[in-house]
Amino acid sequence: MGKGSLRGRWPRILVALSLLVFVAVLAIPYWMGKQTERKYAEYLQQLDDLAYLEVLSSRYERHWFSARASYDLALSSEFETLVKSLFPAWQLPNEALLVSVSDRIQHGPFNGGMARVEGHVGFDGGLLASLVEIEAQTTGQGYRASIGYDQVLRGHWEPMHLAVTAAPEWRDMGWDARYVMDYEGGDFSYDPGTGEYHTTGRMKRMLMEDPTGVRTTEDSTSEVVARFSDGTLRELRLESHDSLVLNESRDALHPSRITGQSTFLGVYFDDDGRVERFESQLGMDELDTAWPNGRLQADGVSLAFEGTREGEHAWFGSADLGLDAIVVKEQGVPSISLNAMKVSLGLEPEADDALELVAGMSARDIRFKDMDEPVAYDYQLRMGQLRRSAYDDLWQLFYRAVDEFQLEHPEVSPVVLERMNEAAMALVGDRLQLSAKPVQISMGEAGLNLELDASIPVDALMVFGASEQALLMSDSQVELSADVSADLIHKMAREYLRHDYNEIGYQASDKELTALAKEMVSTDVDALLKQGIILQEGDGHYSTHFQLEGHELTVNGEPADWLLERL
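The model shown is predicted, which means the values in this text are computed figures rather than measured ones. (Residues numbered from 1 in each chain as written. Predicted model: local features only at pLDDT ≥ 70, side-chain atom pairs only at ≥ 80, totals over all residues. Heavy atoms only, no water.)

With that settled, the discussion passes to helix 10 (residues 510-531). In an α-helix, one turn spans 3.6 residues; hence positions three or four apart end up facing the same way. Taking 1.5 Å of rise per residue, 22 residues should cover 32 Å, and helix 10 covers 32 Å from first to last C-alpha, within 8% of that figure. Approximately 25° is the largest bend angle found in helix 10, and it occurs at serine 522. Within two residues after helix 10, glycine 532 carries a phi angle of roughly 80°, on the positive side. (Helix = DSSP H or I, 4+ residues; strand = E, 2+ residues; numbered from the N terminus. Expected span 1.5 Å × (residues − 1). Bend = angle between axes of the 7 residues up to and from the residue.)

As structure tokens, this is what we get:
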């Protein structure tokens, strides 16, 4: 009886299960549609929260298994005001529309995730139309994407061809430019959990024509990463790699070719959305550029900048230049070549109320025209005790000048510019503090080592400039120490003679040049030794130590007033 009863219940159970599945199939798309609509609204809100951007005319029509959505993205009224203040003579449109976006969304349990999206980005009029005119466009930019169960959006950009020319306003100003792009597509993703947007792109060819020439870029890749936190943009990174960059000038006299170019820009924002740090790099595997009668070839070029904001306005940072190798030719003959060149410049805090400017340079295997033996050098220069308060004032005035500046009326803020000049002068304070150490020059094993510390009143520099008079007519403090090998002195004299003889067409032998160099140097060295200006340190080395305190000069520990009189 129990079995018969169970058999009688099976149809009802199957009907109930079927009804439950049917209800679930109908309900799940509705739930997924609601979740997709909510995430779409959150995404638009993040865009609208960005400075200088505004979401207009957003629409979302949700159906049971699908939805249609669209919105317009425009520059905000604050940006329009800024642009119009910079270009008051331009007849800019009131509606600064940038792009229009339309999406077709499929949501439900049979999409491999929460939803699938097919979208289109169209470029429209407004301010964009006042900047460029679109020649050719493949109906805008299309894309396909999916929203996974992890709520991460992943998609692919479709290929696009675009050609634009400068708008009449730019052409009237002499900037008649044209830009052509063959975009091969790319990938993108957005993770609402981390707030990170990531996109990549591939470019077959880009062409930029302007009055100066034609720039062509081939086989490029790009990557953009943007990270948001609580609706605020916190990080923006852009990176690109170009296989080949060609520049052809209109006069055909200044062509250039870059192989393996890479660029990077990272911008980082604080809680209020203000830039607090940035970093950028430019790299080139090979650079080849020419001009009439000359040519420059460089390998391993790198240029880097970084900056950090402290407080409301002041910025600190550094710049670095690196070259693996460089050759400069004139009339087809190398005039200078060098390897492993590094140049750096940075501003950093020295104390709570003082800053320090640091500059450095080094290179090896330096050869000038007609030079037989290469030179290497390495030095670091510091300018210290710069006034922090004056530096902060300088940045405050700079921001004010930017706010008041008008491109067509630059004379509107001369008072601010004058005050910026005063702040720059106050930066140094009463005394200029300089140090140079180490300073090293070498040819093979022969070398020079020098150290310099100086404190010079600014008033003296204002009157006499960077001359010996500025030192003698003030309470300057200077200390200089140097150690040099005799071999370096002989080698530098030899190369000097070699250059002079080559200029007049005389080819002297190494033996002859060495003998002449030693003879030329020995007379001067003997005189300096007798006067006590230099000291002989064992075999083949000379040293000297100068110290100036006010109007008193000592050389190697001995008074040298007679030397001051000669100066």
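The next subject is unusual backbone geometry. The step from lysine 437 to proline 438 runs through a cis peptide bond, and the omega angle for that step is 0°. Despite not being glycine, serine 57 shows a phi value in the positive range, around 50°. Here serine 57 is to be found in strand 1 (residues 53-62).

Together, Tyr30, Trp64 and Phe65 make up an exposed nonpolar region whose accessible area comes to about 320 Å². Of the residues examined, tryptophan 64 reaches a relative accessible area of 42% and is grouped as partly exposed. (Patch = residues over 30% accessible without salt bridge, like charges linked within 9 Å, V, L, I, M, F, W, Y side chains within 5 Å. Areas by Shrake-Rupley, 256 points an atom, 1.4 Å probe, with all protein chains shown as cover. Salt bridge = Lys/Arg side-chain N within 4 Å of Asp/Glu carboxyl O. Buried < 20%, exposed > 50% of the residue type's maximum accessible area, 1.4 Å probe, protein only.)

For the rest of this paragraph, the subject is the side chain of threonine 199. You can see threonine 199 is positioned in strand 10 (residues 196-210). At 2.9 Å, the side chain of threonine 199 forms a polar contact with the side chain of tryptophan 157. Of note is the side chain of threonine 199, whose polar atom sits 3.3 Å from the backbone oxygen of aspartate 187. Apart from residues no more than four positions distant in its own chain, threonine 199 is found in contact with Trp157, Asp187, Phe188, Ser222, Glu223 and Val224. (Polar contact = N/O pair within 3.5 Å; in protein donor to acceptor, adjacent residues only side chain to side chain. Contact = heavy atoms within 4.5 Å.)

With that settled, consider the pattern of salt bridges. Per the counting criterion, the structure on display carries 30 salt bridges. Linking glutamate 42 and lysine 39 is a salt bridge whose minimum nitrogen-to-oxygen distance equals 3.5 Å. With glutamate 42 and lysine 39 both in helix 1 (residues 2-49), this residue pair falls 3 residues apart, about one helical turn. Its relative accessible area of 24% is what places lysine 39 among the partly exposed residues. In this structure, lysine 204 engages aspartate 219 in a salt bridge whose closest nitrogen and oxygen atoms are separated by 3.5 Å.

Below, the discussion takes up the pairing of strand 14 (residues 275-291). Summarising the sheet, strand 13 (residues 256-269) and strand 14 pair through 13 bridges and their orientation is antiparallel. Note on strand 14: the bridge partner recorded for arginine 257 is aspartate 288. Pairing between strand 14 and strand 15 (residues 294-310): 14 bridges, direction antiparallel. Residue pairing for strand 15: tryptophan 291 is matched across the bridge by glycine 294. (Pairing = 2+ DSSP bridges.)

Another aspect to go through is a negative patch on the surface. A contiguous patch of negative charge, built from Glu451, Glu479, Glu549, Glu552 and Asp561, is present on the exposed surface. For glutamate 552, the position within the fold is in strand 25 (residues 552-555). A relative accessible area of 57% places glutamate 552 in the exposed class. (Lys, Arg positive; Asp, Glu negative; His and termini not counted. Charge placed at Lys NZ, Arg CZ, Asp CG, Glu CD.)

Our focus in this paragraph is the side chain of arginine 498. With respect to the element layout, arginine 498 can be found in helix 9 (residues 486-503). Setting aside its immediate chain neighbours within four residues, arginine 498 contacts Asp370, Asp372, Asp510 and Leu513.

So, about the packing of helix 9 against helix 10. Running from N to C, helix 9 and helix 10 point in directions that differ by 120°, and their axes come no closer than 8 Å. Overall, the two elements helix 9 and helix 10 adopt an arrangement that is oblique. When the axes of helix 9 and helix 10 are compared, the crossing they make is right-handed. Taking contact as the criterion, the partners of Ile489, His490, Ala493, Arg494, Leu497, Arg498 and Tyr501 in helix 9 are, on helix 10, Asp510, Leu513, Thr514, Leu516, Ala517, Lys518, Met520 and Val521. Residues of the contact of helix 9 with helix 10, tallied by class, amount to 9 nonpolar, 2 polar and 4 charged. (Axes fitted to C-alpha atoms, helices over the stretch in contact; angles between N-to-C directions. Parallel < 35°, antiparallel > 145°, perpendicular 65-115°, else oblique. Left-handed = near helix turned anticlockwise from the far one by under 90°. Nonpolar A, V, L, I, M, F, W, Y, C, P; charged D, E, K, R; others polar.)

A word on the environment of glycine 283. Relative to the assigned elements, glycine 283 resides in strand 14. On the basis of relative accessible area, glycine 283 is assigned to the buried category, the value being 14%. Residues glycine 283 and alanine 304 lie 21 residues apart in sequence; the distance between their C-alpha atoms is 8.7 Å. Once residues within four sequence positions are removed from consideration, glycine 283 is found in contact with Gly260, Gln261, Ser262, Val301 and Ser302.

Inspection of the entire model under this criterion finds 13 aromatic pairs. Between phenylalanine 398 and tyrosine 399 the ring centres are 6.0 Å apart and the planes differ by 75°, which places this aromatic pair in the edge-to-face class. Assessed through its relative accessible area of 27%, tyrosine 399 is described here as partly exposed. Members of the aromatic cluster, joined through ring pairs, are Phe316, Tyr391, Trp395, Phe398 and Tyr399. Cation over ring: arginine 277 sits above tyrosine 268, and NZ or CZ is 4.0 Å from the ring centre. (Phe/Tyr/Trp six-rings, centres within 6.5 Å; stacked < 30°, edge-to-face > 60°. Lys NZ or Arg CZ within 6 Å of the ring centre and 35° of its normal.)

It is worth spelling out the environment of histidine 545 at this point. Looking at the secondary structure, you find histidine 545 in strand 24 (residues 541-549). Taking relative accessible area as the criterion, histidine 545 reaches 23% and is therefore assigned partly exposed. Not counting residues up to four positions away in its chain, the partners in contact with histidine 545 are Glu479, Leu480, Ser481, Thr554, Val555 and Asn556. A polar atom in the side chain of histidine 545 sits 2.9 Å from the side chain of glutamate 479.

In a regular helix each residue adds 1.5 Å, so 18 residues correspond to 26 Å; helix 9 covers 26 Å between its end C-alpha atoms and thus fits that length. Taken together, the buried positions of helix 9 are occupied by Ala486, Leu488, Lys491, Ala493, Arg494, Glu495, Leu497 and Arg498. Along its buried surface, helix 9 packs onto strand 20 (431-443), strand 21 (446-457), strand 22 (477-485), helix 10 and strand 24. Following helix 9 by one or two positions, glycine 505 has its phi on the positive side, about 85°.

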